[in-house]
Structure formats: C-alpha cells, structure tokens
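# Coordinates in review
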Amino acid sequence: MKQKRLILPQLHHLVYTNKVAIKALFPNPGMISSVRKGSKVSRYLRYILERIQIKKIFATNLAIMIIAANYIPQTNQPFLVGASGEITNEGEIIHTSSPLVITTNKKIQYPVRSINISQGYKIYHPGIDFDGNTGDIIYPIMSGYVEEINYSNIGYGNAAYIRHNDTTTSLYAHLSHIFVKVGTFVDFNDPIGTMGSTGRSSGDHLHLEIHINGKPTNPLGLLPGLQ
C-alpha cells in the first residue's frame, strides 16, 4: 500500500509578535508645550511617571543594592571591649583566663545567722540579747583582733572582747565555748565561739555590746536594718 505523506500546514502565518511601542522616557519639549493643562513642570513629571514601570524599576534597584552591599567592605563596625581588656569586633566570642570577680565591702553584720532579739538596749542593759540554742555559731560583727577573753561562772560568763579599730570594740557574752585566743585576727566568717548560758543567764542567748570610745552604744543603731 502506498503511504500517504502527511503534509503539515505552514504555520508561520499563525505566529505573530506582540510588538509594544517603546516610547522615550524623557519627552521632547515640543510635546510638553502642546499640552495645555498644568504647568510645564507638572506636565513633564506626569509624562515621565506615566511611562515608568515603577514596580519593575524598584525591584531592579533593590536587587542591585543588595548585591552591592555584599561587596562593599564594612569599615564602620562597632567595637566592644572584652573582659580581659582587648578590643574586638561585635559578635566575636572573647576568651579570657581571668574569671569575673565581684566584690562587696561589708562593714558590719549580725553576730548570728538566725536573728531573734529577746531583749533590747536599756540603761541597765547596755546591749542586746539574741535568742537561740546552745551551740549556735557566733561571728564577729566586724573584723578585728581578739583583745580579751574571760571565763567565769558569774556576770558575763565566758566572754570575748574584740577590738575593731581605735574607737570601737565589741563584747560577746554567755558563750558555751570560745574558739579564739587573745591576739587572733577574726573576719566576718571566722567563728568566735558558740552560744550558751554561762554566767548570769536565764537561758541560751548571746549578749552583745558595742563600745565606742569606751562607752556602750545601742547596737541596733549600727547593725544593718532588718528586712
């Protein structure tokens, strides 16, 4: 059988181009002059704005700005001073072998960790009493040197005197045990002894006196305020 050859129609006449007339972005002066409405400046700007594809131009400019920013060297980066003193660019991790140390200047503290004042300062009672239990640790109110130690069954009982400076001393009375000796330097965390009921005492407590220039003063006027 003789095969028929399929003849495709010529389609070139079906293909067309959508030609868009490209107009100049900037008009010639004669065209602007022929428009009657508005001033020459407003007519000129209106002509330009009507022919700009704003979205396309904005997107193109934005892309150019992003690409350019990646190639422009950054010369105005802020600087940070590291913990060890070196200057570094922002965002870098600083390694230092020296730990950060925060110090506080403590001037005076309570002689017991649990504060329960059972008797206040009076003319016939030149100090304050802290209630507690035998064996509670007693600490100095300020750093200083142990000036005197007394062991007695009367009066203040077992007591320690600490000199803090030329004008200020403190007395810790009715102690059950005394850990320090005369001449020992004690700081805030150094135990002086333990609470007791030695001497003239009606129960376990610490009697604290503070003397300034040899005269007793109310400790509550010097100790930190209670929260």
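Residues numbered from 1 in each chain as written. Predicted model: local features only at pLDDT ≥ 70, side-chain atom pairs only at ≥ 80, totals over all residues. Heavy atoms only, no water.

### Focus on the nonpolar core
Membership of the largest hydrophobic core comes to 23 residues, with the highest contact counts inside it found for Phe130, Ile141, Tyr172, Leu175, Leu206 and Leu223. At the level of secondary structure, the elements contributing two or more residues to this core comprise β4 (128-131), β6 (144-150), β7 (159-163), β9 (175-178) and β12 (205-212). Tallying contributions element by element places β12 first for this core, with three residues. (Core = buried A, V, L, I, M, F, W, Y, C linked by side-chain atoms within 4.5 Å. Buried < 20%, exposed > 50% of the residue type's maximum accessible area, 1.4 Å probe, protein only. Helix = DSSP H or I, 4+ residues; strand = E, 2+ residues; numbered from the N terminus.)

### Considerations on the confidence of the model for the chain
For the chain, the mean per-residue pLDDT works out to 74, and 53% of the residues sit at or above 70. Counting interchain partners and residues more than four positions distant, the pLDDT-below-50 stretch residues 7-23 has two contacts. The low-confidence segment residues 74-104 (pLDDT under 50) makes 20 contacts with residues lying over four places distant or belonging to another chain. (pLDDT = per-residue confidence, 0-100. Contact = heavy atoms within 4.5 Å.)

### A word on unusual backbone geometry
Glycine aside, residues mostly have negative phi, and peptide bonds are mostly found in the trans state. Non-glycine residue His174 carries a positive phi angle of around 70°. For His174, the position within the fold is in the loop between β8 (168-173) and β9. Look at Asn213: it is not a glycine, yet its phi comes out positive at around 55°. Considering the arrangement of structural elements, one finds Asn213 in the loop between β12 and β13 (215-217). Taking relative accessible area as the criterion, Asn213 reaches 57% and is therefore assigned exposed.

### Remarks on the sheet that holds β9
Spatial ordering of the open sheet is given by β5-β11-β9, a layout of three strands whose pairing is antiparallel. The strands lining the two open edges of the sheet, one partner per strand, are β5 (137-138) and β9. The pairing of β5 with strand β11 (residues 193-195) spans two bridges and is antiparallel. Residue pairing across strands places Ile137 opposite Thr194, the latter belonging to β11. (Pairing = 2+ DSSP bridges.)

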